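Now for the letters of each chain:
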Amino acid sequence: MSEKNKATIAVRHGIEADKHHGAVVPPLYLSTTYSFADFDTKRQYDYGRSGNPNRDILAETLAELEGGAKGIITATGMSAVHLATQLLNSDDTLVIPHDCYGGSYRLFTSLEKRGLLKLKVLDLTKSENLQEILAIKPKLIWIETPSNPILRLTDIKAITSIAKQCGALIAADNTFLSPALQNPIEFGVDIVVHSTTKYINGHSDVVGGAVIAATQELGDELAWWANNIGITGAPFDSYLTLRGLRTLNVRLKQHQENAFAIAEYLESSPYVSQVYYPGLASHPQHELAKAQQRGFGGMVSFDIKGDINDAAAFLTSLKDFSLAESLGGVESLICHPATMTHAGMEPKARLEAGVGDTLIRISVGIEDVKDLIADLDRVFNLVKPGQGLQVTKAEAKQAQQDTQQNASFKLTPAHTALW
Ligand SMILES: *Cc1c(COP(=O)(O)O)cnc(C)c1O
């Protein structure tokens with residue numbers, strides 16, 4: 001593994017690797033096939049599904065950043081999650097957290113319904129539940145910390161020690177923090193999974209995934225499966241994702257600085273009943289966050305006062321936050337998990353995971369945080385959540401349009417003359 005620091009690895013890995021022309025940035029190889037050097041003599045690459053230089057540079061960079069032996073780049077985050085399940089036979093048990101990513105939950109439960117694996121759902125944020133795992137004797141334990149959307153933490157050291165005691169493999173979905181802020185392999189995790197769609201690419205313009213294995217042997221087995229089932233990522237996607245990854249460290253610094261300011265603002269607001277952010281001293285696992293993370297990340301969730309109507313009026317009136325799913329891009333996104341990201345969950349399971357109708361999740365972007373807080377403040381004062389619906393969703397939306405019109409930049413002949 002490289003002795004360099006993470007920011008340097010992210011920026012420099014693969015730079016100046018071009019032997020032919022000395023291109024500083026690794027060139028894009030779109031070719032699906034590669035000529036043989038001679039009869040029966042393959043070069044490094046033969047066919048695009050099995051290997052591609054752009055995919056390899058991204059995989060190596062991520063493996064180094066996570067401290068793993070081998071990385072595999074997949075077409076989507078979900079195909080990375082699916083890849084890890086290839087290690088299971090039909091009588092193997094997979095333990096998953098009750099509040100894991102909705103798409104992962106849907107995949108795991110669908111595979112179980114088809115008899116492809118056995119499943120046990122547990123609240124892994126409670127240390128008393130960890131002992132239960134010993135009796136279950138799973139083949140694989142899945143963790144996601146902090147979890148989506150209410151940012152609960154799993155004690156990585158404690159659960160890896162349980163996994164070792166019962167001979168289980170352990171996989172961590174590290175999407176929410178990225179390798180800039182947390183490295184589960186350091187704590188004994190065997191497999192790290194990412195949706196690179198989020199912070200790693202960081203610009204909301206590529207869907208992709210990655211699996212990083214702690215050992216070469218496990219990495220080779222997973223890479224064999226990725227080629228076998230044909231889920232490896234596209235060259236151009238890998239090229240763009242690597243470009244995004246170059247700035248991961250600086251982006252995350254700003255994401256979390258802004259997130260911290262917004263979390264503190266929300267905590268002081270009379271219109272908010274609870275804020276979920278591991279950086280706040282009020283977060284029940286603040287100390288654990290300090291112990292296993294190098295930062296608190298850019299995601300903040302909160303419960304707005306009132307009911308779903310207050311949430312709807314609030315969410316549709318903001319102008320510096322886009323009402324959208326996904327996270328980790330430079331622009332701020334806001335979402336209502338109950339009707340958006342977690343709509344596919346059974347209502348009972350959803351409520352048990354802490355996703356009620358008043359829960360709102362923000363992926364805090366890297367804009368000037370003064371503008372973001374001013375927008376939140378304007379809309380709180382307009383809607384006054386929890387005070388018996390002061391304005392309806394339609395009125396709030398109209399107010400947003402009025403503000404946008406007032407604020408919009410008007411071109412004058414002097415401006416257009418410059419073009
Ligand atoms: C988005 C996400 C996924 C799925 O990734 P896609 O790129 O959308 O397929 C998996 N886990 C987490 C935590 C995510 O946020």
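Calculation criteria
Residues numbered from 1 in each chain as written. Predicted model: local features only at pLDDT ≥ 70, side-chain atom pairs only at ≥ 80, totals over all residues. Heavy atoms only, no water. UniProt positions renumbered as here; feature names shortened; annotations may be inferred. Buried < 20%, exposed > 50% of the residue type's maximum accessible area, 1.4 Å probe, protein only. Helix = DSSP H or I, 4+ residues; strand = E, 2+ residues; numbered from the N terminus. Pairing = 2+ DSSP bridges. Salt bridge = Lys/Arg side-chain N within 4 Å of Asp/Glu carboxyl O. Near = heavy atom within 4 Å. Polar contact = N/O pair within 3.5 Å; in protein donor to acceptor, adjacent residues only side chain to side chain. Areas by Shrake-Rupley, 256 points an atom, 1.4 Å probe, with all protein chains shown as cover. Nonpolar A, V, L, I, M, F, W, Y, C, P; charged D, E, K, R; others polar. Patch = residues over 30% accessible without salt bridge, like charges linked within 9 Å, V, L, I, M, F, W, Y side chains within 5 Å. Expected span 1.5 Å × (residues − 1). Contact = heavy atoms within 4.5 Å.

Named according to an unreviewed UniProt entry, the protein chain is Cystathionine gamma-synthase originating from Pseudoalteromonas lipolytica. Its UniProt record, at the heading Cofactor (unreviewed entry), says of the protein chain: "pyridoxal 5'-phosphate". Turning to the protein chain, the UniProt annotation filed under Sequence similarities (unreviewed entry) states: "Belongs to the trans-sulfuration enzymes family."

Participant: Sorry if this is basic, but what is going on with the pairing of strand β9 (residues 299–304) here?
Facilitator: Consecutive side chains along a regular strand alternate between the two faces of the sheet. For β9, the tally of buried residues reaches 6 of 6 residues, placing the bulk of the element in the interior. Of the two faces of β9, both are covered, the one formed by M299, S301 and D303 as well as the one formed by V300, F302 and I304. Bridging between strand β8 (residues 272–276) and β9 involves 4 bridges; their strand directions are antiparallel. Bridge pairing in β9 links Y276 to S301.

Participant: Help me out: how do you make sense of the sheet that holds strand β11 (residues 333–335) in this one?
Facilitator: By definition, the strands of a sheet pair up through backbone hydrogen bonds, in either a parallel or an antiparallel sense. With respect to topology, 5 strands assemble into an open sheet ordered β8-β9-β12-β11-β10, the strand pairing being mixed. The open sheet is flanked by β8 and β10 (322–323), the only strands paired with a single partner.

Participant: I'm lost on the pattern of salt bridges in this one. Help?
Facilitator: Close approach of charged atoms allows side chains of opposite charge to pair. All chains considered together, the criterion is met by 10 salt bridges. Linking D220 and K70 is a salt bridge whose minimum nitrogen-to-oxygen distance equals 3.8 Å. Remark: K70 occurs in strand β1 (residues 70–74) and D220 occurs in helix α8 (residues 216–229); sequence separation between them is 150 residues. What makes D220 partly exposed here is its relative accessible area of 37%.

Participant: Help me out: how do you make sense of the site of the ligand in this one?
Facilitator: Near the ligand, the surroundings consist of 14 residues, among which M78, D173, S195, T197 and K198 are the closest. At a separation of 2.8 Å, an oxygen atom of the ligand approaches a polar backbone atom of M78. T197 is positioned with one of its side-chain polar atoms (N or O) 2.6 Å from an oxygen atom of the ligand. In the complex, 92% of the free accessible area of the ligand, which totals 380 Å², lies under the protein chains. Residues that form the shell around the ligand fall into these classes: 5 nonpolar, 6 polar and 3 charged.

Participant: Mind showing me how you'd approach a nonpolar patch on the surface here?
Facilitator: The grouping of L28, L30 and F236 at the surface amounts to a nonpolar patch, some 270 Å² of accessible area in total. Tracing the backbone through its elements, the reader meets F236 in helix α9 (residues 235–245). Here F236 falls in the partly exposed class, since its relative accessible area comes to 42%.

Participant: Explain helix α4 (residues 102–113) here, please?
Facilitator: Since the α-helix packs 3.6 residues into each turn, any two residues three or four apart lie on the same face. With 12 residues, α4 extends 16 Å from end C-alpha to end C-alpha; this agrees with the ideal 16 Å at 1.5 Å per step. Residues of α4 that are buried make contact with α3 (77–85), β2 (93–97), β3 (118–122), β4 (140–144) and α13 (347–352). Looking one or two residues past α4, G115 carries a phi angle of roughly 75°, positive in sign.

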